[in-house]
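# Secondary and tertiary structure notes
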Amino acid sequence: MVEAVLIDLFSLPANLQNNTQGLLHNTLETIEKCSSIPAPFVYVMCCQRQGSERSGEQESLLPALRDFQRLKKRLEVVHSLTTAAALYTVKQRLDEKDLSIIKVILPTLRKDLMKVYIDHLFTAVYQFEFEDLQVASDGENLQIAEPRSEGQTLPTQDVALIRSEIQMYLESLPSLKGELTILKSSLIPDDTFLHGFTTRTGGISYIPTLSSCNLFSSSKRRDPQVVVKENLRRLANAAGFNPETFHRVKIDHANAVCIMGKTEPDSYDGIVTNQKGVTIAAPGADCIPVLFADPVRKACGAAHSGWKGTLLGVSMATVNAMVSEYGCNVKDILVVLGPSVGPCCYKLPHESAKEFHRIDPKCVRLFDSASPYIDIRRATRILLESGGILPENIQDDSVTDQNQNVTFCTACHPDKFYSHFRDGSNFGTQIGFISIKD
C-alpha cells in the first residue's frame, strides 16, 4: 500500500504553468477518491523562484488545497530553488515518519530526470512507483512531451549536471551535532603518519541512529552514498587527506588482507600499504577499527575486527602482511585499538564465548551464563602479543592515563559513537583511518 504521494510540479512546461492550481486540484481529487483510510501523506514539490517570497508562493496554491479536508493534515507544499533541495526535504519528511513506499506523480518529461535524482538520494529501502500527471485543458489532453523510449537513458551530461546539483546542495548544508571531532593516538608518530578515529559529530546525516557523521552506506540503511561521500569529504578536509585516494576495507568478518597495489580481493577485513598519500580505513560500530604503523619501514595497515574476525586472527594477519610485503620487523609495528564495544556491554551466546575462554578465561565474564560478557579487546591484545607485537606497542583501554584513551566503549557513549549493539539494524558507522605523510 502506498504510504506517501509525491506530486512533482517543479518544472512544468510553459503552457501549463498558469494552470498549476487546476492541475493540483485534479490530482488531489483523484488521490482522495482512490486512497484508503488513512489517506497517504502527500507532498507537493514546487520551484521557488529566485527572490520570491516562499509564503507568497504557498498562498497562491491555497485555493487548490482548501477542498481537501481529509488530506489537509497530511499535505505539505515543499518550495525549493532546486530539485535536489526539494527532494531532499521530502526525504527528510518521509524518514521522520518511517515511510518507504512512495508514488511519484509527475509530467512525463520529468520521469527520467526524477529517476536519476532518486537513484542518488535514496537507497533500496524505498520503493517508488511512477504515474503520469493527468493534464487537461478545455476538456482536451495536452501533450507534454514525447516519452523517452524504454531502455533509453539520459545523456551523460544531464546526469553529470544532476550529480553536481546534488553535491552543491549537500555541501551547503550545516553540520549537525556540533563540530567534526577526530580522536588521535599519541602512540603513532605525527611526523610520519596521518591518522585518527572518527566520532559521530560534524556530518549531515539527520536520521537519529545515523546522525551525523555516518561513514557507511548500504542498501539496508536510509543514508544514501552521496550523503556518506559528503561526510567523508568533510572529514578529509578536517583531517588533511585526499578523499579521492581513500580506501576502506570490504567487510567479510573474516581475516583476508588486501595489499594496496595488488589485485583487490572481493572482500577483506584488513588492508596494508606503503604508498604515500593513500588513506586506508576500517569501519567500526562496536567492532574494533585497528590501526597499524611501522615508522621504521614506513608502512601502515587498518583492520576491522569483530568477534568473528578476532577469533580468526585478522589483526595478526594484517601484521603478517606488513612483514611479508614490506619487510617490517614485528617489534617495530605499533597497534592502536579504536572505539569499540567494551566488556562492560558486549555479550555473546555461550557457544561463541567458549572460543574466547580458550584464548584466556579473563576474556569472558559470567562464563556459566547463557550470554556471557566478552572482552574482544583483551583477546586482540593477547593474540597480537602471541604473534610478537611488543606489549608497550599496543594501545587499548588498558592505558593508565585516560586523557590518552581512544578505546572508548561505543555502546556506553551514545553522544559520541554509533553502536549496532545499542541502536539496532539502522545503525551508523565510524572509522579508523591512517596514511603515510608525503
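These figures come from a predicted structure and were not determined experimentally.

### A few points about the overall build of the chain
- Across its full length, the chain holds twelve helices and 20 strands.
- Counting only C-alpha atoms and orienting by the principal axes, one finds that the chain spans roughly 85 × 50 × 40 Å.
- Looking at the chain as a whole, 50% of its 438 residues are labelled buried.
- Looking at the chain as shown, the accessible area adds up to about 20,000 Å², and 49% of this sits on carbon and sulfur atoms.
- Across the chain, the 45 positively charged side chains and the 51 negatively charged ones have centroids separated by 4 Å.

### Focus on the packing of helix H4 (residues 83–96) against helix H6 (residues 156–172)
- As a packed pair, H4 and H6 sit with axes 8 Å apart at the nearest point and diverge in direction by 60 degrees. As H4 runs across H6, the sense of the crossing is right-handed. Between H4, through Thr83, Ala84, Ala85, Tyr88 and Thr89, and H6, the contact on the second element is made entirely by Glu165, Ile166, Tyr169 and Leu170.
- When its residues are assigned to classes, the contact of H4 with H6 shows six nonpolar, two polar and one charged.

### A few points about the packing of helix H9 (residues 314–326) against helix H11 (residues 376–386)
- At a minimum axis distance of 9 Å, the contact between H9 and H11 shows a crossing angle of 35 degrees. Note that H9 runs across H11; the crossing there is right-handed. Counted together, Ser315, Met316 and Val319 of H9 and Thr380, Leu383 and Leu384 of H11 form the full contact between these two elements.
- Taken together, the residues that form the contact of H9 with H11 break down as four nonpolar, two polar and no charged.

### Concerning the sheet that holds strand E8 (residues 182–183)
- In space, the five strands of this open sheet follow the order E8-E9-E20-E13-E10, with mixed pairing throughout. One side of each edge strand has no neighbouring strand; the edge strands of this open sheet are E8 and strand E10 (246–248).
- As judged from the six bridges shared by strand E13 (residues 279–284) and strand E20 (residues 430–436), these two strands associate in the antiparallel manner. If you follow proline 283 over to E20, its bridge partner there is isoleucine 431.

### Regarding the pairing of strand E15 (residues 299–305)
- Buried residues dominate E15, accounting for seven of its seven residues.
- Residue alternation in E15 divides its side chains into two sets, Ala299, Gly301, Ala303 and Ser305 and Cys300, Ala302 and His304, and both sets are buried.
- Alignment of strand E12 (residues 270–273) against E15, held across four bridges, turns out to be antiparallel. Bridged to threonine 273 within E15 is cysteine 300.
- In this sheet, E15 lies alongside strand E14 (residues 288–294) in antiparallel orientation, the contact comprising seven bridges. Opposite valine 290, over in E15, you have alanine 303 as the bridge partner.

### Concerning the side chain of aspartate 294
- Residue placement: aspartate 294 occurs in strand E14.
- No salt bridge forms around the buried aspartate 294; measuring N to O, its nearest opposite-charge neighbour arginine 297 is 5.7 Å away.
- A distance of 3.2 Å separates the side chain of aspartate 294 from the backbone nitrogen of arginine 297, its partner in a polar contact.

### Focus on the environment of leucine 81
- Along the chain, leucine 81 falls in the loop between strand E3 (75–80) and H4.
- Looking at leucine 81, the relative accessible area reads 46%, which means it is partly exposed.
- Put simply, leucine 81 and glutamine 48 are 33 residues apart on the chain and 5.0 Å apart in space, counted from C-alpha to C-alpha.

Analysis parameters
Residues numbered from 1 in each chain as written. Predicted model: local features only at pLDDT ≥ 70, side-chain atom pairs only at ≥ 80, totals over all residues. Heavy atoms only, no water. Helix = DSSP H or I, 4+ residues; strand = E, 2+ residues; numbered from the N terminus. Buried < 20%, exposed > 50% of the residue type's maximum accessible area, 1.4 Å probe, protein only. Areas by Shrake-Rupley, 256 points an atom, 1.4 Å probe, with all protein chains shown as cover. Lys, Arg positive; Asp, Glu negative; His and termini not counted. Charge placed at Lys NZ, Arg CZ, Asp CG, Glu CD. Axes fitted to C-alpha atoms, helices over the stretch in contact; angles between N-to-C directions. Left-handed = near helix turned anticlockwise from the far one by under 90°. Contact = heavy atoms within 4.5 Å. Nonpolar A, V, L, I, M, F, W, Y, C, P; charged D, E, K, R; others polar. Pairing = 2+ DSSP bridges. Salt bridge = Lys/Arg side-chain N within 4 Å of Asp/Glu carboxyl O. Polar contact = N/O pair within 3.5 Å; in protein donor to acceptor, adjacent residues only side chain to side chain.

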